[in-house]
Amino acid sequence: MAQITIDTANHIAGYAAKAARVKVVAAYPITPQTTVVEKIADFVERGSMDAEYIRVESEHSAMVACIGAAAAGVRTFTATSAHGLALMHEALHWASGSRLPIVMAVVNRAMGAPWSIWPDLSDSLSQRDTGWIQFYCADNQEVFDTIIQAYKLCENERIFLPAMVCLEGFILSHTYAPVKISDQEKIDDFLPPYKSGWILDVNRPYSHASLVSPEWYMEFRYMIQEAMENAKGLICEIDKEYGKRFGFEYGGLVEKYRCEDADLILLTMGTMASDAKIAVDRLRKEGLKVGSARVRVFRPFPVAELRELSEQAQMFATIDRHISFGLEGFLATEAKASFSSQKDPPLVAGFVAGLGGRDVTSETIEKIAKRSLKWMRSGRVEKETEWVDLRE
Amino acid sequence: MSVNPRSRKEMPLTPLSSPTVGSMGKTGSWRTFRPTVDNSRCTKCTLCWIYCPDGAITRQEDDSPKIDYDYCKGCGVCANECPVKAIEMEREEE
């Protein structure tokens, strides 16, 4: 029988690693991630999880330990946040370039300075170009389901790439909610043991990801790009299959809510989408045709899905819990880029909100929607990037 | 890589290379100083064999070292590690 567990998203991430029968976990603590690896330590210590638990001296070492273990042919897991992820940066490239299907929970936390432990997406979005697949979750159940799905995806021979499963610190990480944990045998059936494409073996020695001349390098990069393109279709297939088996489905790359006849679509990532749905319902009661679309997968970026939405919608309001200094939030940039080659691109207004854990409520989102609708009617976005609830 | 693929389709996902002897040619020609072993002093402790960064020292049946001068670059690590100073570094002749 499936079991309903009431727990924090961090503990749930631990449950997911256990359910995925992860064999090597490299752990280094950092707020707000720490309770993920604490939960796993508890499982391993009690003997309910058969995994090698490596206590490393830094996040860089954590990633490198996972790289070594994955190259030796086992399923690996780690988790980190903010500055820990930044310290891993160099090793992240090694993981994707070596085509190793490592799955990592990233508990989103704002980058210092100034020091902050509260959430925004600046840590994981800074790792946009490392060749990692990036999922962003909206609730505790999705954290569990996405970790299982991520292994299924990454270990597919058409993919062989690592993935980050991102969840916002505190909003999810330390918040209790009921989660359905399916029977182990059903999970095993969905996620069979990892079969590596190549295994480090002392009896058949070779080195991998070794030096290549300019004659060969570009092709290896292209193959990563190809795998990212393959992932778009496969993420949707896996999501559907998972839905059929376990009852939870997330719309593949983009979770849409009341978008069918929407003039304005609120484009968000992570937990903000839940508040956006509440805002949409209220706006709909006033007769305003507004929908919500949550970008669940940021890499690969769902260009085709956004273009499809733009056939109906006249305008998109992107709400970024992120700022790329000197330009705007990444979601705004990527949305504009997705539409730029279309004949009649929709209007895009970029909003920056919720940095460093500032609350973004459904009321805030309603305000954003109403301002956007005004611009939509006049046909002109008056402010390219609006910082929401900023002190005068 | 010893076999070059003819097209992208034949390429592995990440470069794989198997170890071979002397893939860079006979690197012993880079040597300026040549290690020589005085077998009368050698205690067969095998430290030189352990420390040689190039694997250019083999351990013979009686545990005494044998230096492969085709690949020894003359770094002198063995001479430095030898606890009884049984290895001497001598300048190669022009």
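Preceding this paragraph is the structure being described.
Here, residues in each chain are numbered from 1, in the same order as that chain's written sequence. Numbering of ligands from 1 and lettering of chains from A proceed in the order in which they are written. Per-residue local features of the predicted model are confined to residues with pLDDT of at least 70, and side-chain atom pairs are confined, for both listing and counting, to 80 or more; whole-chain, interface and lining totals are unaffected and use all residues.

### Re the sheet that holds strand S16 (residues 385-387) of chain A
Residues and elements named next belong to chain A.
Next up, step 1: The sheet built from six strands is open, its strands ordered S10-S12-S11-S14-S15-S16 with mixed pairing. The open sheet has two edge strands with one neighbour each: strand S10 (254-257) and S16. Ignoring strand direction, the axes of neighbouring strands in this sheet form an average angle of 20°.
Next up, step 2: At least two DSSP bridges between two strands are needed for those strands to be called paired. To qualify as a helix, a DSSP run of H or I must reach at least 4 residues; to qualify as a strand, a run of E must reach at least 2; elements of each kind are numbered from the N terminus. Relative to strand S14 (residues 315-320), strand S11 (residues 264-268) runs parallel, the two being bridged by four bridges. Looking at S14, one finds that Leu266 is bridged to Ala317.
Next up, step 3: Lying over the sheet, helix H9 (residues 272-285) contacts S10, S11, strand S12 (290-295) and S14, oriented at roughly 170° with respect to S12.
Next up, step 4: Residue pairs qualify as contacts under a 7 Å threshold applied to their C-beta atoms, which are placed from the backbone. Lines fitted to C-alpha atoms define the axes here, with helix axes fitted over just the stretch in contact, and angles between the N-to-C directions of these axes take values from 0 to 180 degrees. Against the sheet, helix H12 (residues 362-378) engages S11, S12, S14 and strand S15 (347-352), with an angle of about 145° to S14.

### Some words on the interface of chain A and chain B
Interface size is commonly expressed as the accessible area that is lost once the parts come together.
Next up, step 1: On the chain B side, the residues contacting the 16 residues of chain A number nine residues.
Next up, step 2: Counting only elements with at least two residues in the side of chain A that touches chain B, the list comes to strand S9 (207-208) and helix H8 (214-246) of chain A.
Next up, step 3: If you tally residues by element for the side of chain A that touches chain B, the top one is H8(A), at three residues.
Next up, step 4: Classification used: nonpolar for Ala, Val, Leu, Ile, Met, Phe, Trp, Tyr, Cys and Pro, charged for Asp, Glu, Lys and Arg, polar for all others including Gly. Grouping the amino acids of the side of chain A that touches chain B by side-chain chemistry returns eight nonpolar, six polar and two charged.
Next up, step 5: Note: S9(A) against strand S1 (residues 16-17) of chain B, two bridges, orientation antiparallel. Residue A:His208 lies in a different strand from S1(B), and its bridge partner there is B:Leu16.

### Overview of the pairing of S14(A)
Residues and elements named next belong to chain A.
Next up, step 1: Counting buried residues along S14, six of its six residues qualify, which places the element largely inside the surrounding structure.
Next up, step 2: Burial of S14 is two-sided: the residues Met315, Ala317 and Ile319 facing one way and the residues Phe316, Thr318 and Asp320 facing the other way are all buried.
Next up, step 3: Pairing geometry for S14 and S15, over six bridges, is parallel. Residue pairing for S15: Met315 is matched across the bridge by Leu347.
Next up, step 4: If you view a crossover with the strands going away from you and the path from the first strand over the helix to the second runs clockwise, you call it right-handed. Each parallel crossover has a hand, and the one from S14 via helix H11 (residues 330-339) to S15 is right-handed. Three classes are used. A residue is buried when 20 or more other C-beta atoms lie within 10 Å of its own, exposed when 12 or fewer do, and partly exposed in between, with C-beta atoms placed from the backbone.

### Brief notes about H8(A)
Every α-helical turn comprises 3.6 residues, leaving residues that sit three or four positions apart pointing alike.
Residue and element names in this part refer to chain A.
Next up, step 1: The terminal C-alpha atoms of H8, which comprises 33 residues, lie 47 Å apart, in line with the 48 Å expected from a rise of 1.5 Å per residue.
Next up, step 2: Along H8, the largest kink reaches about 30° and is centred on Lys232.
Next up, step 3: Where H8 is concerned, the buried positions are Ala227, Ala231, Ile235, Ile238, Asp239, Tyr242 and Phe246.
Next up, step 4: Where H8 is buried, its residues contact strand S6 (133-136), helix H6 (140-154), helix H7 (184-190) and strand S13 (297-299).
Next up, step 5: Positive backbone phi, approximately 90°, marks Gly247, located one or two places after H8. Expected helix span is taken as 1.5 Å per residue step, with the number of steps being one fewer than the number of residues. For a residue, the bend is simply the angle between two axes, fitted respectively to the seven-residue segment ending there and the seven-residue segment starting there.

### What about helix H2 (residues 34-46) of chain A?
Residues and elements named next belong to chain A.
Next up, step 1: Taking 1.5 Å of rise per residue, 13 residues should cover 18 Å, and H2 covers 18 Å from first to last C-alpha, within 8% of that figure.
Next up, step 2: Of the residues making up H2, those classed as buried are Thr35, Val36, Val37, Lys39 and Ile40.
Next up, step 3: For H2, the elements touching its buried residues are strand S1 (3-8), helix H1 (9-19), strand S2 (24-27), strand S3 (52-55), strand S4 (76-80) and strand S5 (103-108).
Next up, step 4: Gly47, located one to two residues past H2, shows a positive phi value of around 80°.

### Thoughts on the sheet that holds S6(A)
All names here are of chain A.
Next up, step 1: The strand order across the open sheet formed by seven strands is S3-S2-S4-S5-S7-S6-S13, and the pairing between neighbours is mixed. Lying at the two open borders of the sheet, with one neighbouring strand each, are S3 and S13. Strand after strand, the sheet turns through a mean of 20° between neighbouring axes, direction not considered.
Next up, step 2: Strand direction decides the pairing type here: S5 and strand S7 (residues 163-168), joined by six bridges, are parallel. Opposite Met104, over in S7, you have Met164 as the bridge partner.
Next up, step 3: The sheet contacts of H2 involve S2, S3, S4 and S5, and relative to S2 the element is tilted by about 135°.

### Re the environment of A:Ser81
All names here are of chain A.
Next up, step 1: Along the chain, Ser81 turns up in the loop between S4 and helix H4 (82-97).
Next up, step 2: With 47 residues separating them along the chain, Ser81 and Thr34 place their C-alpha atoms 8.9 Å apart.
Next up, step 3: Among all residues touching Ser81, those that are not within four sequence positions of it are Ile30, Thr31, Pro32, Gln33, Val106, Val107, Arg109, Asp123 and Gly169.

### A word on the packing of H6(A) against H8(A)
All names here are of chain A.
Next up, step 1: Running from N to C, H6 and H8 point in directions that differ by 130°, and their axes come no closer than 10 Å. Considering the angle they form, H6 stands oblique to H8. Where H6 crosses over H8, the handedness of that crossing is right-handed. Contacts between H6 and H8 involve Asp145, Gln149, Lys152 and Leu153 from the former and Ala231, Leu234, Ile235, Ile238, Asp239, Tyr242 and Phe246 from the latter.
Next up, step 2: Tallied by class, the residues present in the contact of H6 with H8 amount to seven nonpolar, one polar and three charged. Angular relationships are summarised with four words: roughly parallel below 35 degrees, roughly antiparallel beyond 145, roughly perpendicular across 65 to 115, and oblique for the angles in between. The handedness criterion is simple: a crossing whose near helix is rotated anticlockwise from the far helix by less than a right angle is left-handed, and one whose near helix is rotated clockwise is right-handed.

### A short note on unusual backbone geometry
Next up, step 1: A cis amide bond, omega 0°, links A:Thr31 with the succeeding residue A:Pro32.
Next up, step 2: Look at the link from A:Gly112 to A:Ala113: it is a cis peptide, with omega at 0°.
Next up, step 3: Within the secondary structure, A:Ala113 sits in the loop between S5 and helix H5 (122-125).
Next up, step 4: Positive phi outside glycine occurs at A:Arg258, with the angle close to 50°.
Next up, step 5: If you trace the backbone, A:Arg258 turns up in the loop between S10 and S11.
Next up, step 6: Under the C-beta neighbour-count criterion, A:Arg258 is labelled partly exposed, with 17 such atoms within 10 Å.
Next up, step 7: Despite not being glycine, B:Thr46 shows a phi value in the positive range, around 70°.
Next up, step 8: Examined against the element boundaries, B:Thr46 turns out to sit in the loop between strand S2 (33-37) and helix H1 (47-51).
Next up, step 9: For B:Thr46, a count of 14 C-beta atoms within 10 Å translates into the label partly exposed.

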